[in-house]
Amino acid sequence: MGSLTLEQALSVIDGTFQAGSQTKSAPLTVAVLDSGGKLISLQRQDGSSMMRPDIAIAKAWGALALGCSSRKLAQDADNRPAFISAVNVLAHGNMVPVPGGLLIRDSHKNILGAVGVSGDLSDIDESCALGGIDHAQLYCDESLS
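Residues numbered from 1 in each chain as written. Predicted model: local features only at pLDDT ≥ 70, side-chain atom pairs only at ≥ 80, totals over all residues. Heavy atoms only, no water.

In the annotation of an unreviewed UniProt entry, the entry for the protein reads Heme-binding protein, and the organism field reads Vibrio aquaticus.

And the structure:
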């Protein structure tokens, strides 16, 4: 399994911020993790509130931990709340099952890492994350379908 480079992580963040600017989002925080769940880069826009780094990291970490987007985790939380609650206990509370966390893949569908975005409504966070992955010329499950 490969992993993201710092240059790729910074490109994802730059593209995410550009997408946020285009949609006039609230100030965003973006976390990019490597394939082992370790932080590569975290950046906060001016005005982003103090819990946003933890939330962004947890969105990305949850996606990596369970191998799917945090949107899918949110759907699982609706359909199987006891399961997601139990998994979050096992994860020491490090998952936030709402949209905004996406796996980052290469063109061969290998997982390279994940991005988590927090700051606006979860759907907007996710949309900006998609823009960031696209900007870096990488892929996610949503773009490989």
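Asks: Where do I start with the pattern of salt bridges in this structure?
Replies: It is possible for side chains bearing opposite charge to pair when their charged atoms get close. Scanning all chains against the criterion turns up six salt bridges. The salt bridge partner of Asp125 is Lys59, with a shortest N-O separation of 3.0 Å. Taken together, the positions of Asp125 in helix H5 (residues 122-135) and Lys59 in helix H2 (residues 52-66) put the pair 66 residues apart, joining distant regions of the chain. Given the relative accessible area of 0%, Asp125 is considered buried. Residues Arg80 and Asp76 are paired through a salt bridge, measuring 3.6 Å at the closest nitrogen-oxygen approach. Each member of the salt-bridge network shares a partner with another, and the members are Arg71, Asp123 and Glu126. (Salt bridge = Lys/Arg side-chain N within 4 Å of Asp/Glu carboxyl O. Helix = DSSP H or I, 4+ residues; strand = E, 2+ residues; numbered from the N terminus. Buried < 20%, exposed > 50% of the residue type's maximum accessible area, 1.4 Å probe, protein only.)

Asks: What is the right way to read the environment of Pro99 from this model?
Replies: Along the chain, Pro99 turns up in the loop between helix H4 (81-90) and strand E3 (101-105). Between the C-alpha atom of Pro99 and that of Ser118, which follows or precedes it by 19 residues, the distance is 9.2 Å. Setting aside residues no more than four positions away along its own chain, Pro99 makes contact with Lys59, Ser70, Arg71, Ala74, Ser122, Asp123, Asp125 and Glu126. (Contact = heavy atoms within 4.5 Å.)

Asks: For this particular structure, what's the right way to read the packing of aromatic side chains?
Replies: The geometry of an aromatic ring pair is captured by two quantities: the separation of the ring centres and the angle between the planes. Enumeration according to the criterion identifies zero aromatic pairs in this entry. When the ring centre of Phe83 is taken as reference, the NZ or CZ atom of Arg80 above it lies at 4.4 Å. (Phe/Tyr/Trp six-rings, centres within 6.5 Å; stacked < 30°, edge-to-face > 60°. Lys NZ or Arg CZ within 6 Å of the ring centre and 35° of its normal.)

Asks: I'm lost on the pairing of E3 in this one. Help?
Replies: Along any regular strand the residues' side chains alternate between the sheet's two faces. Counting buried positions along E3 gives five out of five residues, so the element sits mostly inside the fold. Bridge count between E3 and strand E4 (residues 111-118): five bridges; the pairing is antiparallel. Its bridge partner lying in E4, Leu103 is registered against Ala114. Where E3 hands over to E4, the hairpin turn is made up of five residues, of which Lys109 adopts a positive phi near 75°. (Pairing = 2+ DSSP bridges.)

Asks: Looking at this model, I keep getting lost on helix H3 (residues 70-79). Mind explaining?
Replies: The periodicity of an α-helix, 3.6 residues per turn, causes residues three or four positions apart to be oriented the same way. Along H3, the residues classified as buried are Ser70, Leu73, Ala74 and Asp76. One side of H3 carries all its buried residues, which in axial view fall inside an arc of 160°. Projecting away from the buried face of H3 at angles above 90 degrees are the exposed residues Asp78 and Asn79. (Arc of directions from axis to C-beta.)

Asks: Just checking my understanding: could you explain the sheet that holds strand E1 (residues 29-34) for this structure?
Replies: The strands making up a sheet associate through backbone hydrogen bonding, with each pair oriented either parallel or antiparallel. In spatial order, the strands read E2-E1-E4-E3; together these four strands make up an open sheet with antiparallel pairing. Looking along the sheet, the strands with just one partner apiece sit at the ends: strand E2 (39-44) and E3. Each neighbouring strand pair of the sheet contributes to a mean axis angle of 15°, computed without reference to strand direction. Packing against the sheet, H5 makes contact with E3 and E4, and its axis sits at approximately 15° to E3. (Axes fitted to C-alpha atoms, helices over the stretch in contact; angles between N-to-C directions.)

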